[in-house]
Amino acid sequence: MNTPASSTAAGAPPWRGAANAPTTVPGSASSSRALEVPGVETYSQEWICALLRSTLPFQTLPEELLHAVARLARVRSYAAGQVIYRRGEEADDIHIVASGRVRHELLAPGQERLERTMHSGDVFGWAAVLEAPRQRLAETTALERTEVLQIDGEQLLQVIERDPAAGSVVMSRFAAMITREFSAPASVAARVRHLNGRSAGPAGVPTGWALTMYRLAQWLKSPRPYLMVTGFGILLTLWYLTVEVWKLPRFADMPGLTVVVKEMFSQDPTYGLSVYTPEYYQHIWASVRRVGIAFVLATALGVPLGLFLGWSKTFREYVFPVFETLRPIPILAWVPLAILMFSGTESPVIFLTFLASFYATALNTMLGVESIDESYSRAAYCLGASKWQVFREVIVPGAMPFIFTGLQISIGVAWFSLVAGEMVSGEFGLGYVINTSYTMVRYPTIIIGMVTLGLVGYVTSAMVRVAGDWLMQWRVRELTMGGR
């Protein structure tokens with residue numbers, strides 16, 4: 001029997017003691033695969049989970065499933081020059097290099113020999129996740145003393161099927177890894193096994209609703225929603241303490257938390273406005289309608305303007321100085337001109353709401369175009385693309401992430417502008433509520449209007465974000481594949 005040296009020897013991993021060193025038995029003439037000696041301790045679960053988390057396929061796996069996969073892992077040790085597996089052998093295990101180096105020689109169908117050196121954290125043996133027949137396509141050899149985690153492919157599939165959405169991402173990442181890191185043909189990646197009837201190959205990467213639900217599930221499993229709730233709890237607690245308990249001088253005239261909550265949810269409100277009164281929803285609808293019209297106009301005009309500002313240097317020289325001169329002018333400074341230019345009570349408010357939203361949309365779109373590497377446009381021109389094709393296929397898609405970031409900012413500043421406009425020229429609306437409540441000394445109603453404005457603004461921003469994810473599925477898949 002061949003037993004590796006203690007981990008205290010030179011080159012051994014420093015995070016394990018000699019008692020934990022895995023032991024190997026050389027393979028027979030018919031098989032060169034190492035054998036695990038029963039009773040020998042292996043790596044800790046925490047370290048195995050950390051190693052799995054560093055690999056592409058398991059990077060975004062939820063903690064519960066990650067630990068379940070870690071429990072499947074077996075540690076094997078190979079001496080320098082020992083063959084781990086040969087081409088044509090049955091593929092049943094996935095391998096992850098824990099320490100040492102492995103030479104991976106792949107002979108894919110219709111391809112020349114592809115050689116790669118694998119280091120700690122690299123995954124190989126992925127033929128175990130392919131559709132039958134599952135035979136090794138490569139030969140792997142330890143270049144030095146090497147320790148490897150092995151995970152049974154069938155058992156892995158059973159574990160990740162507990163969470164189909166997360167499991168599909170794992171299988172999709174295997175498909176991406178096969179083509180991206182091993183340069184194997186797409187036909188090989190397409191053989192990655194299905195999960196609950198859904199392909200994990202390039203055509204089966206989760207999209208649409210499945211991807212959205214997966215991201216939502218990941219968000220709910222993360223600390224973020226609970227930290228958010230905690231943040232709101234701290235804010236409400238401070239409000240209650242400063243106004244109603246400590247009664248600090250600066251907050252003496254402010255309505256307390258209990259007063260506002262009682263007024264907001266009263267069926268017979270003292271100041272005439274609560275969630276039970278029709279006027280409350282009339283004000284919300286008036287504001288939402290105005291913001292919606294202004295936002296659509298800002299998007300329809302701001303996005304094309306920003307695209308041309310970023311794409312054409314000549315156009316930018318003419319237009320951008322004027323744009324930058326008008327952009328810093330405060331919205332309230334436009335109020336007199338808005339009243340003079342537009343008749344009625346609706347048009348001035350919509351115009352004022354449109355202005356700030358328009359500037360944010362156009363500027364972010366321009367920055368998005370400028371962020372695109374010029375080599376993409378040059379490559380398209382070299383392939384015979386026309387200017388219009390470059391604009392449509394390179395410029396617009398490349399600027400899309402910036403465009404939707406700008407739209408999220410745009411919808412937020414639209415609400416800022418709306419309140420200013422409604423305070424001056426509006427009839428109905430949340431800004432109108434806040435302004436008239438101040439003049440009529442209805443302080444709880446001011447807080448109700450502010451809270452409602454914040455909630456509605458949050459929802460509209462989230463809607464823009466969801467629309468962006470829906471229209472940019474390629475971007476969402478890229479972020480998901482990148483572990484973010």
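Residues numbered from 1 in each chain as written. Predicted model: local features only at pLDDT ≥ 70, side-chain atom pairs only at ≥ 80, totals over all residues. Heavy atoms only, no water.

This part is about the pairing of strand 6 (residues 102-106). Of all five residues in strand 6, four are buried, a share of seventy percent or more. Pairing analysis gives five bridges linking strand 6 to strand 7 (residues 114-118), with the strands arranged antiparallel. Considered in strand 7, the bridge of His-104 is made with Arg-116. Sheet analysis places strand 6 next to strand 9 (residues 138-142), joined by five bridges and oriented antiparallel. Its bridge partner lying in strand 9, His-104 is registered against Thr-140. (Buried < 20%, exposed > 50% of the residue type's maximum accessible area, 1.4 Å probe, protein only. Helix = DSSP H or I, 4+ residues; strand = E, 2+ residues; numbered from the N terminus. Pairing = 2+ DSSP bridges.)

The next subject is the environment of Gly-125. Mapped onto the elements, Gly-125 comes out in the loop between strand 8 (123-124) and strand 9. Gly-125 sits in the buried class, given a relative accessible area of 3%. Beyond its immediate chain neighbours, meaning those up to four positions away, Gly-125 contacts Tyr-85, Asp-93, Ile-94, His-95 and Arg-136. (Contact = heavy atoms within 4.5 Å.)

Negative phi characterises most residues that are not glycine, and trans characterises most peptide bonds. Despite not being glycine, Lys-247 shows a phi value in the positive range, around 50°. By secondary structure assignment, the location of Lys-247 is in the loop between helix 7 (224-245) and helix 8 (257-264). Its relative accessible area of 61% is what places Lys-247 among the exposed residues. Of note, Val-441 is a non-glycine position whose phi angle comes to about 55°, a positive value. Following the sequence through the fold, Val-441 ends up in the loop between helix 15 (430-439) and helix 16 (443-471).

Further remarks concern the side chain of His-104. In this fold, His-104 is placed in strand 6. Overall, the relative accessible area of 2% leaves His-104 in the buried class. Apart from residues lying up to four places away in sequence, His-104 is in contact with Tyr-85, Leu-114, Glu-115, Arg-116, Met-118, Phe-124, Ala-138, Glu-139, Thr-140 and Phe-182.

This part takes up the nonpolar core. With 53 residues, the main nonpolar core has Leu-52, Phe-58, Phe-124, Trp-126 and Phe-174 as its most contacted residues. For this core, the leading source of residues is helix 4 (residues 164-180), giving seven residues. Setting aside chain neighbours within four positions, we find Phe-124 in contact with Ile-84, Tyr-85, Ile-94, His-95, Val-97, Val-102, His-104, Met-118, Thr-140, Val-148 and Phe-182. Grouped together as the second largest cluster of nonpolar side chains are 39 residues, Val-369, Ile-395, Ala-414 and Met-472 included. (Core = buried A, V, L, I, M, F, W, Y, C linked by side-chain atoms within 4.5 Å.)

What follows deals with helix 3 (residues 153-160). Among the residues making up helix 3, those that are buried are Gly-153, Leu-156, Leu-157, Val-159 and Ile-160. Along the axis of helix 3, the buried positions cluster into a sector of 160°, meaning they face one direction only. Its buried side turned inward, helix 3 meets helix 2 (63-72), strand 5 (93-99), strand 10 (146-152) and helix 4. (Arc of directions from axis to C-beta.)

Another point: a nonpolar patch on the surface. A grouping of Met-228, Val-229, Phe-232, Leu-235, Tyr-458, Val-459 and Met-463 is seen on the molecular surface, where their side chains present a nonpolar patch of about 730 Å² in accessible area. Every element with two or more residues in the nonpolar patch is listed here: helix 7 and helix 16. With four residues, the single largest contributor to the nonpolar patch is helix 7. With respect to the helices and strands, the residue Val-459 is situated in helix 16. Judged by its relative accessible area of 45%, Val-459 falls in the partly exposed class. (Patch = residues over 30% accessible without salt bridge, like charges linked within 9 Å, V, L, I, M, F, W, Y side chains within 5 Å. Areas by Shrake-Rupley, 256 points an atom, 1.4 Å probe, with all protein chains shown as cover. Salt bridge = Lys/Arg side-chain N within 4 Å of Asp/Glu carboxyl O.)

Okay, the packing of aromatic side chains next. Enumeration over the complete set of coordinates arrives at 15 aromatic pairs. Ring geometry for Phe-323 versus Phe-358: centroids 6.3 Å apart, planes at 65°, classification edge-to-face. Placement of the pair is Phe-323 in helix 10 (residues 313-326) and Phe-358 in helix 12 (residues 346-370), with a sequence separation of 35 residues. Taking relative accessible area as the criterion, Phe-323 reaches 5% and is therefore assigned buried. Put simply, the rings of Phe-308, Trp-311, Phe-315, Trp-388 and Phe-391 touch in pairs and so form one group of aromatic residues. (Phe/Tyr/Trp six-rings, centres within 6.5 Å; stacked < 30°, edge-to-face > 60°.)

Strand pairs in the sheet, formed through backbone hydrogen bonds, run parallel or antiparallel to each other. One open sheet accounts for four strands, arranged 3-10-5-8; its pairing is antiparallel. Across the chains shown, the open sheet's two edge strands, defined by having one partner strand only, are strand 3 (74-78) and strand 8. Against the sheet, helix 1 (residues 45-53) engages strand 5 and strand 10, with an angle of about 105° to strand 5. (Axes fitted to C-alpha atoms, helices over the stretch in contact; angles between N-to-C directions.)

For the rest of this paragraph, the subject is the environment of Leu-241. By secondary structure assignment, the location of Leu-241 is in helix 7. Assessed through its relative accessible area of 21%, Leu-241 is described here as partly exposed. If we ignore the near neighbours within four places in the chain, the residues touching Leu-241 are Trp-246 and Lys-247.

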